[in-house]
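In case you want the letters, here they are:
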Amino acid sequence: MKILSIRPAPPGEGKTLARFDIELTPELRMYDLRLVQTESGRRLTYSQNAAGRHTATFVGTFADEITQLASNAFDGGLNASDEIRRS
């Protein structure tokens, strides 16, 4: 799993810190996910909306891995070529 690109959110997107594209597996990429920071400081990842609903959800450790990878890239800790390998 690796971040393909990450960019700061445009002004006016509330709690959204950044938007990013991720390669979850060599066969699956997702684009324009949102990295959001809550009032408590916790960061979460959200997919795009279509017809008022999220197009994908991420749960448990998988959600945590995506958010951590995006947070590290946003904070400058990783390059887009860095990745997390899942077994």
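A brief report on the enclosed structure follows. (Residues numbered from 1 in each chain as written. Predicted model: local features only at pLDDT ≥ 70, side-chain atom pairs only at ≥ 80, totals over all residues. Heavy atoms only, no water.)

Looking now at the packing of aromatic side chains. In the structure shown here, the tally under the stated rule is 1 aromatic pair. Centroid distance phenylalanine 58 to phenylalanine 62: 6.3 Å. Interplanar angle 55 degrees. Geometry classified as tilted. Residue classification places phenylalanine 58 among the buried positions, given a relative accessible area of 14%. Accessibility expressed as a relative area gives 25% for phenylalanine 62, which makes it partly exposed. (Phe/Tyr/Trp six-rings, centres within 6.5 Å; stacked < 30°, edge-to-face > 60°. Buried < 20%, exposed > 50% of the residue type's maximum accessible area, 1.4 Å probe, protein only.)

Turning to the pairing of strand S3 (residues 28-37), a few remarks are in order. Two strands pair when backbone bridges link them, and strand S2 (residues 16-25) and S3 are joined in this way by 7 bridges, in the antiparallel orientation. Among the inter-strand pairings, isoleucine 22 is bridged to a residue of S3, identified as methionine 30. Hairpin connection from S2 to S3: 2 residues lie between these consecutive antiparallel strands. Hairpin connection, S3 to strand S4 (residues 43-46): the antiparallel pair is bridged by 5 residues, and glycine 41 has positive phi, about 95 degrees. (Pairing = 2+ DSSP bridges. Helix = DSSP H or I, 4+ residues; strand = E, 2+ residues; numbered from the N terminus.)

We now examine helix H1 (residues 60-74). Under the 1.5 Å per step criterion, the end-to-end length of H1 is 21 Å for 15 residues, consistent within 8% with the ideal 21 Å. Next to the buried residues of H1 lie strand S1 (2-8), S2, S3 and S4. Positive phi appears at glycine 76, one or two residues downstream of H1, with a value of about 90 degrees. (Expected span 1.5 Å × (residues − 1). Contact = heavy atoms within 4.5 Å.)

Right, let's talk about the sheet that holds S3 for a bit. Ordered in space as S1-S2-S3-S4, the 4 strands form an open sheet in which the pairing is antiparallel. The open sheet has two edge strands, S1 and S4, and neither has a second partner. Averaged over all pairs of adjacent strands, the angle between their axes in this sheet comes to 30 degrees, without regard to strand direction. As paired elements, S3 and S4 share 4 bridges and run antiparallel to each other. Each residue of the ladder has a partner; that of glutamine 37, found in S4, is arginine 43. (Axes fitted to C-alpha atoms, helices over the stretch in contact; angles between N-to-C directions.)

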